Amino acid sequence: MTVQLNHTIVAAHDKKASARFLADILGLEVSPQYGPFIPVEIPNGVTLDYLDSPGTITAQHYAFLVSEDEFDTIFGRIREAGLTFWADPYHRRPGEINHNDGGRGAYFDDPNGHNLEILTRPYGSGD
């Protein structure tokens, strides 16, 4: 049996705006609404299904493995949008990127406080 993550639901105060935010930063497309969800499909086939959620949203972490060239492009969009970014998930190193495992990584928040990450090397893959 092959087990693969197919989709996950992402809580949002405004599902359309939140899906658009992620798609714009990562250079992806927002798919048509499906039931109560606004999906954004990641190239490996996993879908993030945005759902309007009233009240307090518990922040989650979503990490996206990208190539070096994609990192440059996405990081450029992060800077162009004026987003605060950090080198660490605890937001203790603002305005920096990390070089974990010989790659590059950065963390930034989405409009709902979800902690998003782009990284060029999977954790534990370095020398």
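Since the structure is predicted, the reported quantities are computational estimates derived from the model, not experimental observations. (Residues numbered from 1 in each chain as written. Predicted model: local features only at pLDDT ≥ 70, side-chain atom pairs only at ≥ 80, totals over all residues. Heavy atoms only, no water.)

Let's shift gears to the pairing of strand β3 (residues 47-52). Direction of pairing for strand β1 (residues 7-12) relative to β3: parallel, over a ladder of six bridges. Note that in β3 the partner of Ala-11 across the bridge is Leu-51. The pairing of strand β2 (residues 38-41) with β3 spans four bridges and is classified as antiparallel. When the bridges of β3 are listed, Val-40 appears paired with Leu-48. (Pairing = 2+ DSSP bridges. Helix = DSSP H or I, 4+ residues; strand = E, 2+ residues; numbered from the N terminus.)

Here Lys-15 is to be found in helix α1 (residues 15-26). No salt bridge is formed by the buried Lys-15; the nearest opposite charge belongs to Asp-52, separated by 4.3 Å. Leave out the neighbours within four places in its chain, and Lys-15 touches Gln-33, Pro-36, Phe-37, Ile-38, Tyr-50, Leu-51 and Asp-52. (Buried < 20%, exposed > 50% of the residue type's maximum accessible area, 1.4 Å probe, protein only. Lys, Arg positive; Asp, Glu negative; His and termini not counted. Salt bridge = Lys/Arg side-chain N within 4 Å of Asp/Glu carboxyl O. Contact = heavy atoms within 4.5 Å.)

Attention now moves to the sheet that holds strand β6 (residues 105-109). In space, the four strands of this open sheet follow the order β4-β7-β6-β5, with mixed pairing throughout. Only two strands of the sheet have a single partner each, and these edge strands are β4 (61-65) and β5 (85-86). In the sheet, β6 pairs with strand β7 (residues 115-119) via five bridges, with the strands oriented antiparallel. Residue Ala-106 lies in a different strand from β7, and its bridge partner there is Ile-118.

Residues annotated in UniProt with the feature "domain: VOC" (unreviewed entry) correspond here to residues 4-121. For residues 4-121, the end-to-end C-alpha separation is 20 Å, with 21% helix and 28% strand making up the annotated structure. (UniProt positions renumbered as here; feature names shortened; annotations may be inferred.)

Assignment of secondary structure puts Ser-53 in the loop between β3 and β4. With near-sequence residues (within four places) excluded, Ser-53 lies in contact with Ala-11, Ala-12 and His-13.

Moving on to the sheet that holds β3. One open sheet holds the three strands; their spatial order is β1-β3-β2, and the pairing between them is mixed. Pairing within the sheet leaves two strands with one partner each, and these edge strands are β1 and β2. On average, adjacent strands in this sheet sit at an angle of 25 degrees to one another, irrespective of strand direction. (Axes fitted to C-alpha atoms, helices over the stretch in contact; angles between N-to-C directions.)

What follows concerns the packing of α1 against helix α2 (residues 68-80). Between two packed helices, what matters for the description is the angle formed by their axes and the separation of those axes. Where α1 meets α2, the axes come as close as 8 Å, and the angle between the chain directions of the two elements is 125 degrees. As summarised for this structure, α1 and α2 are arranged oblique, according to the angle between their axes. Along its contact with α1, which presents Asp-24, Ile-25 and Leu-26, the element α2 presents Ile-74, Arg-77 and Ile-78. Broken down by class, the residue content of the contact of α1 with α2 amounts to four nonpolar, no polar and two charged. (Parallel < 35°, antiparallel > 145°, perpendicular 65-115°, else oblique. Nonpolar A, V, L, I, M, F, W, Y, C, P; charged D, E, K, R; others polar.)

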